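Report on the structure
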Protein chains: 2
Amino acid sequence: MTSGRVTIADVARRAGVSTAAVSKVVRGAYGVSAEMQAKVSQAIDELGYRPHAAARAMRGRTYTLGVMLSDTRNPFFPDIIEGVTGHLRDTEYQVLLGPGGIEPKTQARMTDAMIDRSMDGLILISPVTTDAELAAIAAGTPVVVIGRHGGAPAYDSVVDDDVMGARLVVDHLVGLGHTRIAHITHLERARAQGLPHTVRAEGYRQAMRAHGLADDMVATSFTEEGGYEGARELLARENRPTAIFAGADIAALGVLRAADEAGLSVPEDLSVAGYDNIGIASLKRISLTSVDQDGQVIGATAARLLVERIEGRTRSVTSSVSPTLIVRGSTGPL
Amino acid sequence: MTSGRVTIADVARRAGVSTAAVSKVVRGAYGVSAEMQAKVSQAIDELGYRPHAAARAMRGRTYTLGVMLSDTRNPFFPDIIEGVTGHLRDTEYQVLLGPGGIEPKTQARMTDAMIDRSMDGLILISPVTTDAELAAIAAGTPVVVIGRHGGAPAYDSVVDDDVMGARLVVDHLVGLGHTRIAHITHLERARAQGLPHTVRAEGYRQAMRAHGLADDMVATSFTEEGGYEGARELLARENRPTAIFAGADIAALGVLRAADEAGLSVPEDLSVAGYDNIGIASLKRISLTSVDQDGQVIGATAARLLVERIEGRTRSVTSSVSPTLIVRGSTGPL
DNA sequence: AAATTTGTGTAGAACGTTCTCCACTATCTA
DNA sequence: TAGATAGTGGAGAACGTTCTACACAAATTT
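From a predicted model like this one, the values you see are computed outputs, not experimental measurements.

Considerations on the layout of surface pockets
- Volume-wise, the second largest pocket comes out at about 1,200 Å³.
- Lining the second largest pocket we find 39 residues, and of these Arg5(A), Ile115(B), Ala136(B), Gly140(B) and Thr141(B) sit closest to its centre.
- Taken together, the elements giving at least two residues each to the lining of the second largest pocket come down to helix H4 (53-59), helix H6 (104-116), helix H7 (131-140) and helix H12 (295-310) of chain B.
- Within the lining of the second largest pocket, the residues separate by chemical class into 21 nonpolar, 10 polar and eight charged.

Section: the packing of aromatic side chains
Residue and element names in this part refer to chain A.
- A complete count under the given rule lists two aromatic pairs over all chains for this structure.
- Taken together, a centroid distance of 5.8 Å and an interplanar angle of 50° make the contact between Tyr63 and Tyr93 tilted. In this pair, Tyr63 sits in the loop between helix H4 (53-59) and strand E1 (64-69) while Tyr93 sits in the loop between helix H5 (77-88) and strand E2 (94-99), placing the two residues 30 residues apart along the sequence. Each member of the pair, Tyr63 as well as Tyr93, is classed as buried.
- Its end group placed over the ring of Tyr275, Arg200 keeps NZ or CZ at 3.7 Å from the ring centre.

Quick word on the protein's contact with DNA strand D
- Among the 26 residues in the neighbourhood of DNA strand D, the closest are listed as Ile8(A), Ser23(A), Arg59(A), Ser33(B) and Met58(B).
- The contact atoms of DNA strand D, taken as those within 4 Å of the protein, divide so that sugar and phosphate hold 66%.
- Within the backbone of Ile8(A), a nitrogen or oxygen atom sits 2.7 Å from a phosphate oxygen of DNA strand D.
- At 2.8 Å from a base oxygen of DNA strand D is found a side-chain nitrogen or oxygen belonging to Arg59(A).
- When residues of the surface near DNA strand D are traced back to their parent elements, those giving at least two are helix H2 (19-27) and H4 of chain A together with helix H2 (19-27) and H4 of chain B.
- Residue contributions to the surface near DNA strand D peak at four residues, all from H4(A).
- Looking at the surface near DNA strand D residue by residue, the class counts come to 13 nonpolar, six polar and seven charged.

Each value, and the rule that gives it
- Residues numbered from 1 in each chain as written.
- Chains lettered and ligands numbered in written order.
- Predicted model: local features only at pLDDT ≥ 70, side-chain atom pairs only at ≥ 80, totals over all residues.
- Heavy atoms only, no water.
- 1 Å grid on protein atoms, 1.4 Å probe; cavity = no way out; pocket = protein on both sides within 12 Å on 5 of 7 lines; lining within 4 Å.
- Points joined across faces, edges and corners; volume = space filled by probe spheres on them.
- Helix = DSSP H or I, 4+ residues; strand = E, 2+ residues; numbered from the N terminus.
- Nonpolar A, V, L, I, M, F, W, Y, C, P; charged D, E, K, R; others polar.
- Phe/Tyr/Trp six-rings, centres within 6.5 Å; stacked < 30°, edge-to-face > 60°.
- Buried < 20%, exposed > 50% of the residue type's maximum accessible area, 1.4 Å probe, protein only.
- Lys NZ or Arg CZ within 6 Å of the ring centre and 35° of its normal.
- Near = heavy atom within 4 Å.
- Polar contact = N/O pair within 3.5 Å; in protein donor to acceptor, adjacent residues only side chain to side chain.

And the structure:
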């Protein structure tokens, strides 16, 4: 207590062995007798020794995995995080989350910070960066990217099949008799390729074309406010859409607000669908038809791939998770 | 690129000076000439040098602050995090979040992990621990605790005035003519003192007494499900309450679901109020009367106090933030 | 019986910083 | 002119691990 932290040298002294031996025991390395193992373990317990991560980092592992969050406010993240931490629960890896913000610059600062802290691997959720920057990061550190299509050889990817998700929504709405189906997407600031909103928008376009329908998109942002403004714009048109498919639930909530304010009842006057199936979508009051992408599975998969890569795999893997359409009260027949 | 990371020695060689000099420049320490400063800065830029945090940690600072999150799913956290990161934006500190879970054991594991990684300071959000454990942590690392009443000399505290918040709700409901006002609180597993739910419950009790009314509480959990179950129990009573004050918005959402299922309209048949004023509370569809506690201010305050403490302050500070009642459509006259 | 293999433990050099001394020069004071 | 004082730069010892090389003993093979 008084004299600072307990080090491996203290343990070695207590057990009457060398620091190298203690290190072996701690790491579970080869070449330790049962007797040595017992002696050292006892000393560790008695002294309450905990390995100093920074010192470890100087030579080997830190046993720390970083998850870069692009937008803390997105209610979809907790599922992913739960998947990641759940999968890592019984390993000695620790997960630390880095709030990267939505700006490319702040995200880059965050990933740099994580690399500076010599994390063993990084999970990047919907990073807004160029492919080149991503490849540069992945060249130095094991990386798994979530939610970005078109994987690269340098890192693993876990994606939701957003094309399929968008098609599920369009098919559902067309099946209900809708023809004027609008889509609200996220305005991309950076020249990043393969972000979910882009793919969802593309999937929407394809699905509309497949049904011989004209697409109608407005680009705001994936926020409640963005959905609200997008919907206001769409609903002000002379020939307003009868259904709005927002690329994210959070935006769909804004659409619902705009509908309420415009005196339109959902789903009688306007059908609304979202994407992500966030928790509150199931509230009776909201009852939002949405595409579910099982964040826990995505998170757990990402964690698994990352550990594999840290432990030596070099061949790149892309894991695609199929989404499901959850039909609720916000969509109905025309 | 090919030969691993750029170190302070590389910079020193390039600039033709000693590593000690480079270190001084990097740290902005005293005793550097303008010429030296320029020479070294140029070499740093040319080589793209970044200090290795782990190596720094061996001797000095890591410039890393940890925030322990007790429940990632709580929609109230993003505000706090935004406050923290916002306040730290232009400093050289980096914020890393640790998902601690709701169990005392997992939270302890998380704080230990953060200490092992020699973070310069810790912000703990509603930690579920004994005062003794908290004091032990704070003895070794600067700590600011958010959302836990009854501060201790070893750490700083930032709290919402939960007694006042509860009183605001009760006063409001009584003003509307309600007398049978129930409260849903969180069942505490651990023997932790001064957690928000406890204080809110106590504030509710006091306020009811002040109005000469009998209190009626049920303890489930601060989740949508917990609110739902608590409300089901309350609404099943022969003399059911006319207003339910949930100790957290997330639970209030569950109350709304229970009301909907029971065929009760809000606020005509039942008034519902929550606490935290989470984003979706303002959605027209939800329109939940709630107590707002400005998470951003709380987060920013915590960050400020933590930095002060890291930089030498030892006198303990407790900062209390006054909440506001936001009246919306979920509460109405009896 | 000698040679080889296997098992177990240790010495000691990294790893990339920080920071305390110390040395040197140039300026100022007596 | 000698002595003191700033101001600036550098040497080198930490910090707490990991891990390669090696030493030694015991067991096994020739």
